[in-house]
Amino acid sequence: ELAKSILSSITSLDLLEDELTPQGKAIRWIVCDDSISVQLLENQDPATGNLPKQEHGFRLGGNAGDAQVTRRYILAAFFYSTSQVSPWNDSLNFLSADLHECNWHRNYTRGNFPFGDFDPVGVFCIIDKGKLSSPISIHEEILLNDENYPLRYLELNLRID
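Residues numbered from 1 in each chain as written. Predicted model: local features only at pLDDT ≥ 70, side-chain atom pairs only at ≥ 80, totals over all residues. Heavy atoms only, no water.

(A) Geometry of the overall build of the protein. Assigned secondary structure in the protein consists of 5 helices and 4 strands. Starting at the N terminus and ending at the C terminus, the protein contains elements arranged as α-α-α-α-α-β-β-β-β. Burial status across the protein gives 42% buried among its 161 residues. If you take every contact in the protein between residues at least 6 apart in sequence, the share linking residues at least 24 apart comes to 52%. A total accessible area of about 9,400 Å² is found for the protein, and carbon and sulfur atoms account for 50% of it. (Helix = DSSP H or I, 4+ residues; strand = E, 2+ residues; numbered from the N terminus. Buried < 20%, exposed > 50% of the residue type's maximum accessible area, 1.4 Å probe, protein only. Contact = heavy atoms within 4.5 Å. Areas by Shrake-Rupley, 256 points an atom, 1.4 Å probe, with all protein chains shown as cover.)

(B) How the structure looks around the environment of Ile6. Within the secondary structure, Ile6 sits in helix α1 (residues 2–7). The exposure class assigned to Ile6 is buried, which follows from its relative accessible area of 13%. Counting along the chain gives 63 residues from Ile6 to Val69, while the straight-line C-alpha distance between them is 8.4 Å. Those residues within four positions of Ile6 in sequence are excluded, and the remaining contacts are Leu41, Leu51, Asp66 and Thr70.

(C) Structural context of unusual backbone geometry. Within the chain, Asn93 stands out as a residue other than glycine whose phi angle is a positive 70°. Tracing the chain through its elements places Asn93 in the loop between α5 (64–82) and β1 (105–109). Even without a glycine there, the phi angle at Leu95 is positive, about 60°. Assignment of secondary structure puts Leu95 in the loop between α5 and β1.

(D) Summary view of the pattern of salt bridges. According to the stated counting rule, one finds 6 salt bridges in the structure shown. Among the ionic pairs, Lys4 bridges to Glu1, the shortest N-O distance being 3.7 Å. Between Arg72 and Asp34 there is a salt bridge whose closest N-O contact spans 2.6 Å. One end of the pair, Arg72, is in helix α5; the other, Asp34, is in the loop between α3 (22–32) and α4 (35–42), and 38 residues separate them in sequence. (Salt bridge = Lys/Arg side-chain N within 4 Å of Asp/Glu carboxyl O.)

Any functional reading would require information beyond the geometric quantities listed.
Next comes the structure, spelled out in structure tokens:
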């Protein structure tokens, strides 16, 4: 019910409760299979109603735990809505329950790519480093819970073969 109350601000209850819709599949994944979201939802502060800060702590407006559950739900709904007719050739680590959503990608190298050989595909987190903004993964040197480097936006790069 907590997940529904958070996600009903962006998706109607009818879609969330219909297990055949991408949105219904996504919320089911959030509450049943996604270890990161389940941990956040199970550790709601009874006094404030807030979810705990997210594990890798990006600073966003509002409650960071709510924001992470919402981001993971949106990306899961995207995955389910684009893979219903035919499955993806590569899941790009999407719906990896124990990976931060910033690591739902693969880095490909291929020759003759118009912008160089590096071809990143999937979700990338762009952080604010002052005038320099760059894609990073969770395992890079920057401490992502450092308020000097808030999450700026998520970038989704897809490749259609």
